[in-house]
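Residue-level listing of the chains:
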Amino acid sequence: MRTTVNYKSNGKKKKESSGKEKGASGKNSSKPKKQGGGDFFKTLASPTAVKIYGILIMAFAIVAFLSILSFYFTFETDWQYANFGGEDIAGNWCGRFGAHIAVFFVNYLFGVFSIGFPFLLFLAGCKITFGKSPLPLWRTTYTTFLSMAWLSVALGCFVRSGEHDYFAGIFGSGIATVTIDATGKIATFFILLAVLLIILILCYNLSTDSILSVGGKLKDRLQRNPQKEDKARKDTGYEEDDDEKTAPAEIQDLDSLYISSQNELADEYNNNVIEFDTDNNLKKSGAKSPKTVEKPANDDVPFDFDIKTSEGEENEETTENEVVADEELPWRQPAATPEEVAQLPDYDPRADLSHYEFPTTDLLADFTNEEMDQEEMRRDLVEKKERIQKTLNSFGIAIQKITATVGPTVTLYEIVPAEGVRISKIKNLEDDIALNLAALGIRIIAPIPGRGTIGIEVPNAKPQIVPMKDIILSDKFQNNKYELPIGLGKTISNEPFVADLAKMPHLLIAGATGQGKSVGLNAIIASLLYKKHPAELKFVLIDPKKVEFTLYGIIENHYLAMLPNAEDPIITDTKKVVNTLNSLCCEMDARYDLLKIAGVRNIKEYNAKFCKRQLSPANGHRYLPYIVLVIDEFGDLIITAGREVETPIARLAQLARAIGIHLIIATQRPSVNVITGMIKANFPSRIAFRVISVVDSRTILDCSGANQLIGKGDMLISTGSDLVRLQCAFIDTPEVEALTRHIADQQAYPMPFFLPEYDSEAEGAGGDGEPVNSDSIDPCFMDAATLVVETQQGSTSLIQRRMRLGYARAGRIMDQLEEFKIVGPSMGSKVREVKVRSNEELRAIFQNMGLI
């Protein structure tokens, strides 16, 4: 009845709308159609117009830069002209316009340091015009703003410009005046110093170790005794003759060996393994400069022969008047011979951050569980045991023995049935047992693999929390030799469950909302952070919900991998997700090429060979850290991106195991639309939290059981044929925050681990990841594009009808038109939007494609 009413109302609406359309068409036939307004605004928002805006911004930035730079020399005439005008001639390099710009920026903002604004405008123009900026735009922006503000205030406090305070700007002069009036100059100095240290720590990742090392060097310089140094040099064998210093032969051999090893360091730098400053020191590492003549016994350094002094000794500095001979320069030295390389110590990837301290368990909380009295627990077990026996006896099922194993969430009752009892008969009594026990989540395992018994899992009256701290402190986690150990929780027998992600090799997690997926992901990430050094592991975190992984953003330079010029280390935008996944595929292909050249089969063998110095960075080899891709809410990505996400995920799942890239994917609804057969086939290890229906349980585990869990971290893990019930380890948000803060406060790499650049615009017209070339384009592509632009109708049937093509071929041409941004995406039954408005724009596209 309700369907009939709706059908009538819909029909009525259709008739009314058709009548309106007729009326509108009648009006249009008698009255000319107005155009121009909508087209004008579309033209202003077109991609070409946006690029023009970017070029104008860059041009303005250059003019502003020259105007402010000129103001440094012509400030008197510029100030006079801008404030009083008249017939005075501005002395600015950019004329009167430049004088107004310079006075505005310098006087009303940050004074002479306002020259940073044109720099930021230029970066923004590059981002708009070319789609990417030479530097990370967001980070560069706030770093430049904070630096300009501090310098302006410092100049306003201690340097007065006389009659006018435009050198410090209104901002700097105002803040300086208020601060000095309130606290005085001495206190202001210390306030500025404190703010400077905060800015250096926030913006430039300066560690406290670096600050202390600089202070120690300054102290040593001030306390330096030239007479003692001369005596020490004579004792070590140095003799001065005509202002030239000659070292003993054995020391010269060590120096030449050290210099030759610098070529390897330069190659390692070019391969983006580590970064050095001009003194061959790892930036921001606080490492000592390798200049002395004594080699310690066990001192590992990043792929070089780093000859360090013991603590307390002074390195000999080259004075300003000394001239280094051309043949002594590092790039003039011959490469190290294989015999010399064999004498070098093994490469230690952890040497880059040798002072890194792993997190301690003090950062994790101790959760107090409500303990049940032993006598009360015994009575509860005996009561449930008798109820199970009574239920089975009432259906004529005899049992020989029954035992109970108490776990944190459920208790396992193991039953040994009498001879002749069918297992299926007990299995069918699942609902009856649950009714008699008055409990939810009864699960029967018939039989228990490897035991010859039947298991009945019954939820405890008072479930226990499994703290993450207990898992980390367990002997199984501390003393394992896994490559990527992850502590997931405790089994029914209260044993910690620790698995090796490298052997899984990928993990699929599913469960309804609020059942513990996000906590499980945090537990996995925390386990890896407790066991792996930043040099050995990198994460790629994808968070469509934008709130789950934000706490890990502060450890980007330690543990995160990202695309170059990415503004946020946590990927949330769908387009950036697609680019990141394809970039991981590029990294996978590059790693397989390295394995092929090295003659090894997996990442473990490759890194072992590299650490033994059997692979040279000069040939492109580098240490390969493990990469773990974590995706929360995979279903949302499938809905928004579909095949664009599924294809690279399937490639990574099939091929990436051997080269150390592992996937962890979580989703709420494990339907076949989200977890397709291709993805499911490559994820043998799966975790299921509580789901709503038995269909969802079978989708994720290929069997029922997940629908019978009780929630709150209760989960089943399948690692092939085995199915284990666990209580997931619990780690709260404050614990994750304390863990990441402990890591972020330590010395870090100068930048995150950058993945290979991936340009989505360079994809082929077929959409299969092939590069664009004219051979893959349909011969009728240009004619079809011209037809669509001239008629402004993105219709497949129009191409089919006018050009007399088959529907399949016309559809392929329409897909190619969409790839090259000539038409928009499909809109169902409606025609596609035509993005190109004129033949001139179309001709420019043809030229870029190399068709004309």
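Presented here is a report on the structure given in the accompanying data block. (Residues numbered from 1 in each chain as written. Predicted model: local features only at pLDDT ≥ 70, side-chain atom pairs only at ≥ 80, totals over all residues. Heavy atoms only, no water.)

1. As for the overall build of the protein chain
At step 1: The helix and strand inventory of the protein chain stands at 29 helices and 17 strands.
At step 2: Out of the 852 residues belonging to the protein chain, those deemed buried represent 44%.
At step 3: Here the contacts in the protein chain between residues at least 6 apart in sequence split such that 65% fall between residues at least 24 apart.
At step 4: Surface accessibility of the protein chain: about 45800 Å² in total, with carbon and sulfur atoms responsible for 54%. (Helix = DSSP H or I, 4+ residues; strand = E, 2+ residues; numbered from the N terminus. Buried < 20%, exposed > 50% of the residue type's maximum accessible area, 1.4 Å probe, protein only. Contact = heavy atoms within 4.5 Å. Areas by Shrake-Rupley, 256 points an atom, 1.4 Å probe, with all protein chains shown as cover.)

2. With respect to the packing of aromatic side chains
At step 1: According to the stated counting rule, one finds 18 aromatic pairs in the structure shown.
At step 2: A centroid spacing of 5.3 Å and a plane angle of 85 degrees characterise the contact between Phe117 and Phe145, whose relative ring orientation is edge-to-face. Residue Phe117 is found in helix α5 (residues 116-130), and its partner Phe145 is found in helix α6 (residues 137-158); the two are separated by 28 residues along the sequence.
At step 3: A relative accessible area of 14% means that Phe117 is categorised as buried.
At step 4: The exposure class assigned to Phe145 is partly exposed, which follows from its relative accessible area of 34%.
At step 5: With centroids separated by 5.4 Å and ring planes inclined at 75 degrees, the aromatic side chains of Phe189 and Phe190 adopt a geometry described as edge-to-face.
At step 6: Members of the aromatic cluster, each reached through a chain of ring pairs, are Phe104, Phe105, Tyr108, Phe110, Phe117, Phe145 and Phe171.
At step 7: The side chain of Lys531 reaches across the aromatic face of Phe477, ending 5.6 Å from its centre. (Phe/Tyr/Trp six-rings, centres within 6.5 Å; stacked < 30°, edge-to-face > 60°. Lys NZ or Arg CZ within 6 Å of the ring centre and 35° of its normal.)

3. Some points on the pattern of salt bridges
At step 1: Enumeration according to the criterion identifies 21 salt bridges in this entry.
At step 2: Between Lys469 and Asp366 there is a salt bridge, and its shortest N-O distance comes to 3.2 Å. Placement of the pair is Lys469 in helix α15 (residues 468-473) and Asp366 in the loop between α11 (338-343) and α12 (374-394), with a sequence separation of 103 residues.
At step 3: Of the charged contacts in the structure, one is a salt bridge between Arg741 and Asp745, with a shortest N-O distance of 3.6 Å.
At step 4: Given the relative accessible area of 43%, Arg741 is considered partly exposed.
At step 5: Relative accessible area serves as the criterion here: at 49%, Asp745 is assigned to the partly exposed category.
At step 6: Through salt bridges with shared partners, a single ionic network connects Arg443, Glu457, Asp714 and Arg725. (Salt bridge = Lys/Arg side-chain N within 4 Å of Asp/Glu carboxyl O.)

4. So, the pairing of strand β16 (residues 723-728)
At step 1: Relative to β16, strand β7 (residues 485-491) runs antiparallel, the two sharing 3 bridges. The residue bridging Lys490 from the neighbouring strand is Gln727, located in β16.
At step 2: Pairing between strand β15 (residues 714-719) and β16: 5 bridges, direction antiparallel. Each residue of the ladder has a partner; that of Asp714, found in β16, is Gln727.
At step 3: The turn joining β15 and β16, which pair antiparallel and follow one another in sequence, is formed by 3 residues; a positive phi near 110 degrees is taken by Gly720. (Pairing = 2+ DSSP bridges.)

5. A look at the nonpolar core
At step 1: Judged by nonpolar contacts, the single largest core of 109 residues is most densely connected at Phe539, Leu629, Phe634 and Ile649.
At step 2: Per-element tally for this core: the top contributor is helix α19 (residues 574-598), with 9 residues.
At step 3: When near neighbours in sequence (up to four residues on either side) are disregarded, Ile649 contacts Leu581, Leu629, Ile631, Phe634, Leu663, Ile665 and Ile679.
At step 4: Counting 25 residues, the second largest nonpolar core, distinct from the first, contains Leu798, Leu817, Val823 and Met849. (Core = buried A, V, L, I, M, F, W, Y, C linked by side-chain atoms within 4.5 Å.)

6. Quick notes on the side chain of Asp714
At step 1: Tracing the backbone through its elements, the reader meets Asp714 in strand β15.
At step 2: On the basis of relative accessible area, Asp714 is assigned to the buried category, the value being 1%.
At step 3: Of note is the side chain of Asp714, whose polar atom sits 2.5 Å from the side chain of Arg725.
At step 4: Apart from residues lying up to four places away in sequence, Asp714 is in contact with Ala688, Phe689, Arg690, Leu709, Arg725, Leu726 and Gln727. (Polar contact = N/O pair within 3.5 Å; in protein donor to acceptor, adjacent residues only side chain to side chain.)

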